[in-house]
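# Architecture and fold: a report
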Amino acid sequence: MSIPIANGLLFLPSQIGHDQMRIYVYIRVLLIPAFCFLNYIPDKRGVLPVLCTSNWCYLILGVIMSLSSGYLSSLSMMYITSDACSYQFPPFRYVSPERARTAMMMAAFFLISGIVAGILFAPILAGFISLF
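Residues numbered from 1 in each chain as written. Predicted model: local features only at pLDDT ≥ 70, side-chain atom pairs only at ≥ 80, totals over all residues. Heavy atoms only, no water.

With that settled, consider the overall build of the chain. Check the secondary structure of the chain and you find four helices and two strands. Each helix (α) and strand (β) of the chain, taken in turn from the N terminus, gives the series α-α-α-β-β-α. The proportion of buried residues among the 132 residues of the chain is 23%. Element-wise, carbon and sulfur atoms account for 72% of the exposed surface of the chain, whose accessible area totals about 9,400 Å². (Helix = DSSP H or I, 4+ residues; strand = E, 2+ residues; numbered from the N terminus. Buried < 20%, exposed > 50% of the residue type's maximum accessible area, 1.4 Å probe, protein only. Areas by Shrake-Rupley, 256 points an atom, 1.4 Å probe, with all protein chains shown as cover.)

Here it is, written out as structure tokens:
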């Protein structure tokens, strides 16, 4: 549900350039361990402390993660085949126009495989929290 909303955010002027995408992806990766310290699986927790007992913290962090996932994935798909920086002289392209179709297919494959990996990682994270 959040991916169409995040795709709709792309109509706003983009403040994230192709050279800044890595920074935002790393920030998203750092948000994953934050779920360990929220009120996630309160009945089966080990010794990890709960820093925020409100369910709103968990909800807000989940919304931030889902919206940023949809927004950043849509931006990265747009940056693959278009001019990455049209303000540079000459404009920089990631791939040549004759290989753009293959690049888009590879990007879609890795996007879907990342979603599947995230789904498969959720039980591992739940087991990690119940152990610690």
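A few words now on the side chain of Ser 74. Structurally, Ser 74 is set in helix H3 (residues 55-81). A residue is classified by how much of its surface remains accessible, and Ser 74, at 13% relative accessible area, is buried. One polar contact links the side chain of Ser 74 to the main-chain carbonyl oxygen of Gly 70, over a distance of 2.9 Å. (Polar contact = N/O pair within 3.5 Å; in protein donor to acceptor, adjacent residues only side chain to side chain.)

This paragraph deals with the packing of helix H2 (residues 21-31) against H3. Running from N to C, H2 and H3 point in directions that differ by 155°, and their axes come no closer than 11 Å. Taken together, H2 and H3 sit at an angle that is classed as roughly antiparallel. Along this stretch, H2 crosses H3, giving a crossing that reads as left-handed. Across the interface between the two elements, Met 21, Tyr 24, Val 25, Arg 28 and Leu 31 of H2 pack against Leu 61, Ile 64, Met 65, Ser 68, Ser 69, Leu 72, Leu 75, Ser 76 and Tyr 79 of H3. (Axes fitted to C-alpha atoms, helices over the stretch in contact; angles between N-to-C directions. Parallel < 35°, antiparallel > 145°, perpendicular 65-115°, else oblique. Left-handed = near helix turned anticlockwise from the far one by under 90°. Contact = heavy atoms within 4.5 Å.)

Turning our eyes to something else, we now look at the packing of H3 against helix H4 (residues 100-131). Packed helices, taken two at a time, are described by the angle their axes make and the gap between the axes. Here H3 crosses H4 at 160°, and the two axes come no closer than 9 Å. The angle between H3 and H4 places the two elements in the roughly antiparallel class. Of the two possible hands of crossing, H3 and H4 adopt the one that is right-handed. When H3 is examined against H4, the residues Ser 73, Met 77, Ile 80 and Thr 81 are found in contact with a partner set consisting of Ala 100, Ala 103, Met 104, Ala 107, Ala 108 and Leu 111. In terms of residue class, the contact of H3 with H4 is made up of eight nonpolar, two polar and no charged. (Nonpolar A, V, L, I, M, F, W, Y, C, P; charged D, E, K, R; others polar.)

Right, let's get into the packing of aromatic side chains. Each pair of aromatic rings is reported with the distance of its centres and the angle of its planes. Applying the stated criterion across every chain yields a total of two aromatic pairs. For the pair Phe 35 and Tyr 58, a centre-to-centre distance of 5.4 Å together with 80° between the ring planes defines the contact as edge-to-face. You can see Phe 35 sitting in the loop between H2 and H3 and its partner Tyr 58 sitting in helix H3, a full 23 residues away along the chain. (Phe/Tyr/Trp six-rings, centres within 6.5 Å; stacked < 30°, edge-to-face > 60°.)

On average, residues of the chain carry a pLDDT of 78, and 79% of them reach 70 or more. In the model of the chain, strand E1 (residues 83-85) stands out as the element of lowest mean pLDDT, 50, in contrast to H4, which has the highest, 87. The model gives residues 84-90 a pLDDT under 50, and that stretch makes seven contacts with residues more than four places away or in other chains. (pLDDT = per-residue confidence, 0-100.)

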